[in-house]
Amino acid sequence: MLRFVARRLITSVLVLAVLTANVFILARIVPSDPAVIYAGPKAPPAELDRVREHLGFNRPILEQYFDYVAKLITGDWGQSLATKRPVLDELFTRLPATLELIGFAMVLAVSAGVILGVVASHRPGGFIDGAIRFLSIGGISVPAFWLGLLLQLLFVGGLGILPATGQFSNSIKYSNPISHVTGLPLLDSMITGNGVAFTDGLQHVILPALTLAAYPLGLVARMTRAAMLDVMNQDYIFTAKAYGLRETAIRWRLALKNALPPVLSIAGMAAAYALTGTFFVEAVFNWPGIGQFATSSMLAVDYPAIIAITLMGATAYLLANLLVDILQSRIDPRVSMS
């Protein structure tokens, strides 16, 4: 296991190095002047020259790249051209909101997807199976921004039972301020017994979490159904039925455990994908997370922020891959760690 993890970590570092070089070069050849973004469009030429010299934009691109990598290793991810703040500070400020949103969405997607997949596999070809497959395909196919707008029209404009945007109501910071414990606002409000803030935050997270969960839920449901149909046709399942085990116990305990490895693989990839899929969701629901910061950074051609967000997303994807492989080996000993 240790050798496997070490090999994967070395490979991940190489992947991140190549990705960093590609993104850095692509960001620098975009037809825009970073000095103008930093100093403003009305800055005089002398001020623009001073900014270029201060930020190193007047040096050869290879020299800029190696200087960037050296700073990256020491924890200096650069300064945002738009906000004038360190990029890591911007990311860590917004990361808790994104983690809570992704956490809620993935818990919903995996739990509901597995249940729906198992139910659909009970009578393949039946009405319930067809309905679940239809919902799964819809969740995979529907664009996140369109689904978010549709949910807003239904639950906000039509029923009026949920808030449209934001993470908390504006009044919470004054009437029921949240004490920081873990850095995750919704979790902190629950830990500290701040019921008003927790209820308000829970109401705000429902719609964006549903929107973000649609795609992974469809994937998990379809994979669970396919894996369950394959497992239920294995000899040991027929043997268990011959010994008189109940159908419920066979399906939900024996068969589901052996169907989980491919489902875990899909769920892990979907969780990593959610980090980029949240861009659209946070834009629709004005969610104060990394996705919203990424959208504004791309519109402003803020390349230090764009590179940092890309690296964070790639790192999350690689770590999710590694975690899924380890979990699969623990659930199914037949999975090789070579």
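Relevant structure appears above.
In this report, the structure presented in the accompanying data block is examined.

**Thoughts on the overall build of the protein**
What the protein contains, in helices and strands, is 14 helices and 0 strands. The helix and strand sequence of the protein, counted from the amino end, reads α-α-α-α-α-α-α-α-α-α-α-α-α-α. When the backbone C-alpha atoms are referred to their principal axes, the protein occupies close to 85 × 55 × 35 Å. Residues counted as buried form 40% of the 338 residues belonging to the protein. Within the protein, counting contacts between residues at least 6 apart in sequence, those at least 24 apart form 72% of the total. With an accessible surface of roughly 18100 Å², the protein has 67% of that area assigned to carbon and sulfur atoms. In the protein, the 24 positive side-chain charges and the 20 negative ones have mean positions that sit 10 Å from each other.

**Regarding a nonpolar patch on the surface**
Together, Ile25, Leu26, Ile29, Ile61, Leu62 and Phe66 make up a nonpolar patch on the protein surface, roughly 610 Å² of accessible area in all. Put simply, the parts of the chain that give the nonpolar patch at least two residues each are helix H1 (2–29) and helix H4 (61–73). Residue placement: Ile29 occurs in helix H1.

**Focus on the packing of aromatic side chains**
We describe a pair of aromatic rings using the distance from one ring centre to the other and the angle between the two ring planes. Counted according to the given criterion, the structure contains 4 aromatic pairs. Ring geometry for Phe24 against Tyr68: centres 5.5 Å apart, planes inclined by 35°, an arrangement best described as tilted. Residue Phe24 is located in helix H1, and its partner Tyr68 is located in helix H4; the two are separated by 44 residues in the primary sequence. Take Phe24 and Tyr68: they sit in the same class, and that class is buried.

**Digging into unusual backbone geometry**
Positive phi, close to 65°, is recorded for Lys84, a residue that is not glycine. Position of Lys84 among the secondary structure elements: in the loop between H4 and helix H5 (87–122). Accessibility expressed as a relative area gives 35% for Lys84, which makes it partly exposed.

**Quick notes on the side chain of Ser80**
Residue position: Ser80 is located in the loop between H4 and H5. Ser80 gets classed as buried once you look at its relative accessible area, which sits at 0%. Here the side chain of Ser80 touches Thr83 through a polar contact of 3.2 Å, side chain to side chain. Contacts of Ser80, omitting those with residues within four sequence positions, involve Arg85, Val87 and Asp302.

**Things to note about the nonpolar core**
Counting 33 residues, the largest nonpolar core has Trp77, Leu91, Tyr303, Ile307, Ile309 and Leu311 as its most contacted members. When contributions to this core are tallied by element, the ones reaching two or more residues are H1, helix H2 (34–39), helix H3 (45–55), H4, H5, helix H13 (290–299) and helix H14 (303–331). The dominant element in this core, judged by the number of residues it contributes, is H14, at 9 residues. Apart from the residues lying within four places of it in its own chain, the contact partners of Tyr303 are Phe24, Ala27, Arg28, Pro34, Phe57 and Leu81. Counting residues in each nonpolar core, the second largest holds 28 residues, with Leu101, Leu147, Ala197 and Trp287 among its members.

**Comments concerning the environment of Gly139**
Looking at where Gly139 falls in the secondary structure, it is placed in helix H6 (residues 127–141). With relative accessibility at 12%, the residue Gly139 sits in the buried group. Along the primary structure Gly139 and Ala27 are separated by 112 residues, whereas in three dimensions their C-alpha atoms are 33 Å apart. Leave out the neighbours within four places in its chain, and Gly139 touches Ala214 and Tyr215.

**Brief notes about the packing of H5 against helix H12 (residues 247–285)**
In a packed pair of helices, the relevant descriptors are the angle between the two axes and the axis-to-axis distance. Look at H5 against H12: their axes get within 8 Å of each other, and the N-to-C directions meet at 145°. The interaxial crossing formed by H5 with H12 has right-handed handedness.

**Examining the packing of helix H10 (residues 195–231) against H12**
Viewed as axis vectors pointing N to C, H10 and H12 meet at an angle of 155°, and their least axial separation amounts to 7 Å. Relative to H12, the element H10 lies roughly antiparallel. For H10 against H12, the interelement crossing comes out right-handed. Per-class residue counts for the contact of H10 with H12 are 23 nonpolar, 5 polar and 1 charged.

**Some thoughts on the side chain of Thr224**
Of note, Thr224 is situated in helix H10. Among the polar contacts made by the side chain of Thr224, one reaches the main-chain carbonyl oxygen of Val220 at a distance of 2.7 Å. Non-local contacts of Thr224, meaning those with residues more than four positions away in its chain, are made with Gly113, Val114, Gly117, Val118 and Val263.

**Describing the pattern of salt bridges**
Two side chains bearing opposite charge may form a pair once their charged atoms approach each other closely. One pass over the full model with this rule turns up 7 salt bridges. For Glu47, the salt bridge is made with Arg50, and the minimal N-O distance between the two is 2.8 Å. Here Glu47 pairs with Arg50, and both are found in helix H3, just 3 residues apart, close to one helical turn. Residue class for Glu47 comes out partly exposed when judged on its relative accessible area of 28%. Arg133 is paired through a salt bridge with Asp129; the nearest N and O atoms lie 3.5 Å apart. Of the two residues, Arg133 and Asp129 are both situated in helix H6; the distance of 4 residues between them amounts to about one turn of the helix. Via salt bridges that share partners, Arg85, Glu90 and Arg94 belong to a single interconnected network.

Cut-offs and rules
- Residues numbered from 1 in each chain as written.
- Predicted model: local features only at pLDDT ≥ 70, side-chain atom pairs only at ≥ 80, totals over all residues.
- Heavy atoms only, no water.
- Helix = DSSP H or I, 4+ residues; strand = E, 2+ residues; numbered from the N terminus.
- Buried < 20%, exposed > 50% of the residue type's maximum accessible area, 1.4 Å probe, protein only.
- Contact = heavy atoms within 4.5 Å.
- Areas by Shrake-Rupley, 256 points an atom, 1.4 Å probe, with all protein chains shown as cover.
- Lys, Arg positive; Asp, Glu negative; His and termini not counted.
- Charge placed at Lys NZ, Arg CZ, Asp CG, Glu CD.
- Patch = residues over 30% accessible without salt bridge, like charges linked within 9 Å, V, L, I, M, F, W, Y side chains within 5 Å.
- Salt bridge = Lys/Arg side-chain N within 4 Å of Asp/Glu carboxyl O.
- Phe/Tyr/Trp six-rings, centres within 6.5 Å; stacked < 30°, edge-to-face > 60°.
- Polar contact = N/O pair within 3.5 Å; in protein donor to acceptor, adjacent residues only side chain to side chain.
- Core = buried A, V, L, I, M, F, W, Y, C linked by side-chain atoms within 4.5 Å.
- Axes fitted to C-alpha atoms, helices over the stretch in contact; angles between N-to-C directions.
- Left-handed = near helix turned anticlockwise from the far one by under 90°.
- Parallel < 35°, antiparallel > 145°, perpendicular 65-115°, else oblique.
- Nonpolar A, V, L, I, M, F, W, Y, C, P; charged D, E, K, R; others polar.

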